[in-house]
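Remarks on the overall topology
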Amino acid sequence: MGKIKFNNNYDYIISVDNLLSAWKDFLCGKRPRKDVQEFERNLMNNILSLHSDLKNKTYKHSLYYAFNISDPKPRNIHRASVRDRLLHHALYRTLYPFFDRTFIYDSYSCRLNKGTHKAINRFRAFSYKVSKNNTKTCWVLKCDIRKFFASIDHNILLNILTEYIPDKDILCLLREIIISFNTKPNTGLPLGNLTSQLLVNIYMHELDQFAKHNLKAKYYIRYADDFVFLSQDKIFLENILVKIEHFLWNNLKLQMHPDKISIKTLASGIDFLGWVNFSNHRVLRTVTKKRMFRTIQVKEGNNDTVQSYLELLKHGNGKILSGWAVDLISDNEI
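Not measured: the values here are computed from a predicted model. (Residues numbered from 1 in each chain as written. Predicted model: local features only at pLDDT ≥ 70, side-chain atom pairs only at ≥ 80, totals over all residues. Heavy atoms only, no water.)

**Observations regarding the pattern of salt bridges**
- Scanning the entire structure with this criterion turns up 10 salt bridges.
- R31 is paired through a salt bridge with E40; the nearest N and O atoms lie 3.0 Å apart.
- Here K57 makes a salt bridge to D169, at a shortest N to O gap of 3.4 Å. A residue pair is termed long-range when its members are at least 10 positions apart, and K57 in the loop between α4 (43-55) and β1 (65-70) and D169 in helix α8 (residues 168-178) qualify at 112 residues. (Salt bridge = Lys/Arg side-chain N within 4 Å of Asp/Glu carboxyl O. Helix = DSSP H or I, 4+ residues; strand = E, 2+ residues; numbered from the N terminus.)

**Points about the pairing of strand β4 (residues 220-223)**
- Looking at chain direction, β4 and strand β5 (residues 226-231) are connected through four bridges and run antiparallel. Residue pairing across strands places Y220 opposite F229, the latter belonging to β5.
- Where β4 folds back onto β5 in an antiparallel hairpin, the turn is made up of two residues, including A224, whose phi is positive at roughly 55°. (Pairing = 2+ DSSP bridges.)

**Remarks on a positive patch on the surface**
- Taken together, the side chains of K129, K132, K136 and K218 present a region of like positive charge at the surface.
- Within the secondary structure, K132 is located in the loop between α6 (116-130) and β3 (139-144). (Patch = residues over 30% accessible without salt bridge, like charges linked within 9 Å, V, L, I, M, F, W, Y side chains within 5 Å. Areas by Shrake-Rupley, 256 points an atom, 1.4 Å probe, with all protein chains shown as cover. Lys, Arg positive; Asp, Glu negative; His and termini not counted. Charge placed at Lys NZ, Arg CZ, Asp CG, Glu CD.)

**What to know about helix α2 (residues 16-27)**
- For α2, which comprises 12 residues, the first-to-last C-alpha distance of 16 Å matches the rise-based estimate of 16 Å (1.5 Å per residue) to within 8%.
- Those residues of α2 that are buried are in contact with α1 (10-13), α3 (34-41), α4 and α5 (82-102).
- Just beyond α2, the residue with positive phi is G29, at close to 80°. (Expected span 1.5 Å × (residues − 1). Contact = heavy atoms within 4.5 Å.)

**Remarks on the packing of aromatic side chains**
- Summed over all chains, the structure comprises 17 aromatic pairs.
- Seen from their ring centres, F6 and F98 are 5.4 Å apart, and the 70° between their planes marks the pair as edge-to-face. You can see F6 sitting in the segment before α1 and its partner F98 sitting in helix α5, a full 92 residues away along the chain. Pair check on accessibility: F6 and F98 agree, each one buried.
- Measuring from centroid to centroid gives 5.2 Å for W23 and F39, while their planes differ by 25°, and the two rings are stacked. Of this pair, W23 sits in helix α2 while F39 sits in helix α3, and the two are 16 residues apart along the sequence. Across the pair, exposure class does not vary: W23 and F39 are buried alike.
- Three or more aromatic residues joined by ring pairs make a cluster, and in this case those are F6, F98, F99 and Y164.
- A cation over a ring is seen here: K114 above Y105, with NZ or CZ 3.5 Å from the ring centre.
- One residue, K114, lies across the ring of Y108, its end atom 4.8 Å from the ring centre. (Phe/Tyr/Trp six-rings, centres within 6.5 Å; stacked < 30°, edge-to-face > 60°. Buried < 20%, exposed > 50% of the residue type's maximum accessible area, 1.4 Å probe, protein only. Lys NZ or Arg CZ within 6 Å of the ring centre and 35° of its normal.)

This is the structure:
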């Protein structure tokens with residue numbers, strides 16, 4: 001059966017109306033920034049100029065501004081110009097609703113009404129089903145992709161997009177954005193682009209389909225490049241691990257991180273999406289707790305910071321940590 005096709009055309013995506021709507025999406029939370037304010041001073045001229053370049057097929061993506069963050073591990077972020085990011089939003093707001101309908105239910109990264117909390121709750125629900133309410137051993141295969149964003153193959157990604165998008169002008173525009181960045185020839189997507197979030201989900205949807213249709217995996221969850229399989233059968237997980245490695249390399253030119261592959265029992269604790277998950281509870285991983293304590297102490301018990309962590313702790317067994325955080329608020333208010 002052929003893939004469903006994206007029906008919107010190029011003229012709609014580059015229309016002034018869509019660019020104006022995309023500006024409203026883009027502006028949220030960014031108005032104080034100097035580059036945003038400069039663009040907004042001549043907003044209509046800037047939008048009309050962008051529209052003209054897109055209409056005349058003369059648009060070229062500009063260079064990126066690179067900087068590093070720690071969240072908690074060091075990451076190299078590449079931020080595009082306001083003009084380019086506006087276009088990213090114009091594309092995203094039309095492409096996302098279409099592609100989101102094609103994704104499997106248990107893909108949780110960068111999707112509306114999904115996210116990490118939904119993913120770990122789904123993990124818990126799956127663990128109860130596989131373990132027959134903790135009466136059977138539940139084995140978990142956990143995998144992670146090595147240098148995920150930096151390893152996305154441009155040609156493979158564009159071939160996947162071609163299967164869904166018949167409009168060649170849209171494909172050319174996507175190609176311009178995709179090739180605007182690389183970590184090595186024809187490879188890599190920038191972490192800073194809104195479009196990258198969608199494109200990596202489209203890319204990894206190929207693995208999702210392989211997991212569900214070829215491997216017949218009933219209990220499978222993916223969040224970006226972290227994914228898990230749950231089963232009562234350890235041999236089944238050992239066998240599919242080899243198939244997954246072959247599929248990722250042969251079809252997507254991706255490699256799994258050798259230090260982040262494990263097949264363990266749920267009872268021994270599965271480190272997934274910031275939590276160590278057990279049969280009937282979960283706890284924050286140690287590095288997350290240390291970072292939380294350090295952040296609160298640096299901000300001297302700032303109420304907003306502590307409240308955000310209290311919300312996080314509600315998703316696991318964190319009564320002692322919650323009490324410690326509340327004490328910090330009280331001490332700061334005295």
